[in-house]
Amino acid sequence: MKLLILLLTCFPLFIFAQQKLSISDNGRYIQKANGEAFFWLGDTAWELFHRLDKKESDLYLTNRAEKGFTVIQAVALAELDGLNTPNKEGEIPLIDNDPAKPNEAYFKHVDYVIDKAASLGLTMGLLPTWGDKFNKRWGVGPVVFTAENAHVFGEFLAKRYQDKPVIWILGGDRNPEEEKHFQAIDAMAAGIKSVVGDNQLITYHPMGGSSSANFFHERDWLDLNLFQSGHGPAYNPNYKMTRENYSLTPIKPVIDAEPCYEDHPINWKKANGWFSELESRRAGYWSMLQGACGHTYGNHNIWQMWQPEHDPVSQARTPWWQSIDYPGAFQAGYMRRFFESRPWHQLIPEEKLIVSGPNTGGKECKAALAQDKSFAFVYIPFGSEVTIDGSLVEGDRKKLWWFNPRIGKAIYIDTIKSTNEMELDPPGDEMRGNDWVLVIDQESKEYPKPE
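Source: prediction; values computed, not measured.

K.L.:
Can you tell me about the sheet that holds strand β3 (residues 37-38), naming the residues and giving the values?
P.N.:
Spatial ordering of the open sheet is given by β1-β2-β3, a layout of three strands whose pairing is antiparallel. Each end of this open sheet is capped by a strand with a single partner; those strands are β1 (22-23) and β3. When strand β2 (residues 30-31) meets β3, the two strands line up antiparallel, connected through two bridges. Residue pairing across strands places glutamine 31 opposite alanine 37, the latter belonging to β3.

This is the structure we're talking about:
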């Protein structure tokens, strides 16, 4: 019996040790405990703890694990009246809306969800609070955080989840605008760090069009930069924000943690139409080829866990349990598998690969070359003709592939002798939605089919 108790006590610590994450020595990506690169494939499930019961959480998390997601972004003190509207079990998170008085019954449910995610190999991107609780620029609020109780709340959560696969995400769709906001965030980070030290990563989720680097890049507690490219114009060149963050010093990994949501009304107006899977996956490939260490997918119906008994936010229109199988979610998984078919963490943005090709209006082609020059990827959003400088990939012979990001399958093109310029025309006509990725491999490396 004593041996069984010991095993049950140690097993969660063993799982955490296996799932522990850190920043690579070059500062460009997240790595696992064994040194392998960790691909952040996130999903925005902001209302997960607040609106789903255990059975529903199991359904959602299992679906995401099966599709290849690795990070679930969810909020302890949720956005949609998360302080005063109870969760599915009838519990609110704080007693008297006091961050120093957490409600144990509420957090037992959070415990369950985080443990379930861990059992499926998922890491929880845990936001202690949504931003309206420290900066009520809009939203329900109320503001409840001060520097003092933010430290207490951060410490409370850290003690509870220090042995879980958790990445801490401060902020919550708000930028700090006054000194008291900076003080609250720094204090919450200090409370977490006082418990976890360097054993868990910490970052920050800002407002649309902003990056954590705008406010906290020099902070020692900020391990990686998140930005939000957001849900505004139909054509949003999020690759520019990725490259800006990638170019900063000190070097820190960068991720677009909230791009345009699939099935979100463009610029918040349904008269403009709705973001489709094309905009969703284009944001991912653009960002990855400009230096990101992963990407977050989002669906407008899922972040709010919308179902008919709830008032829809910004014209949400499909129940969450149907939305989990939208095309963009499958395609996000295809993207992860595609990148993991090669040592993707070696990729460096390299515009010289593209001699000629579209460079405006949402058709921009983006490219990256492996540090050892053994392979290169070129993303072509509209299937346009391009001219590529193949000499940048080393080796006398190059193997060429077309990868279809819509179905996750690759087509072998040819194996050719080394050449400077190659004129290439992707399958199909140039048109919206006919996106392709060109793969150029050094033949001697014998990389597998990229899918």
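K.L.:
Account for the sheet that holds strand β8 (residues 202-205), naming residues and giving values.
P.N.:
As summarised here, the arrangement of the six strands in space is β8-β7-β6-β5-β4-β11, forming an open sheet in which the pairing is parallel. Here the strands that pair on one side only, and so sit at the sheet edges, are β8 and β11 (294-297). In this sheet, neighbouring strand axes are inclined to one another by 30° on average, regardless of whether the strands run parallel or antiparallel. With three bridges connecting them, strand β6 (residues 123-129) and strand β7 (residues 166-171) associate as parallel partners. For methionine 124, the partnering residue across the bridge sits in β7 and is valine 166.

K.L.:
Could you give me a rundown of the environment of proline 427, with the residues and numbers involved?
P.N.:
By the element assignment, proline 427 lies in the loop between β19 (421-424) and β20 (436-442). It is 9.7 Å that separates the C-alpha atoms of proline 427 and isoleucine 411, two residues lying 16 residues apart in sequence. The residues touching proline 427, leaving out its near neighbours within four places in the chain, are Trp402, Ile411, Asn434 and Trp436.

Criteria and cut-off values
Residues numbered from 1 in each chain as written. Predicted model: local features only at pLDDT ≥ 70, side-chain atom pairs only at ≥ 80, totals over all residues. Heavy atoms only, no water. Pairing = 2+ DSSP bridges. Helix = DSSP H or I, 4+ residues; strand = E, 2+ residues; numbered from the N terminus. Axes fitted to C-alpha atoms, helices over the stretch in contact; angles between N-to-C directions. Contact = heavy atoms within 4.5 Å.

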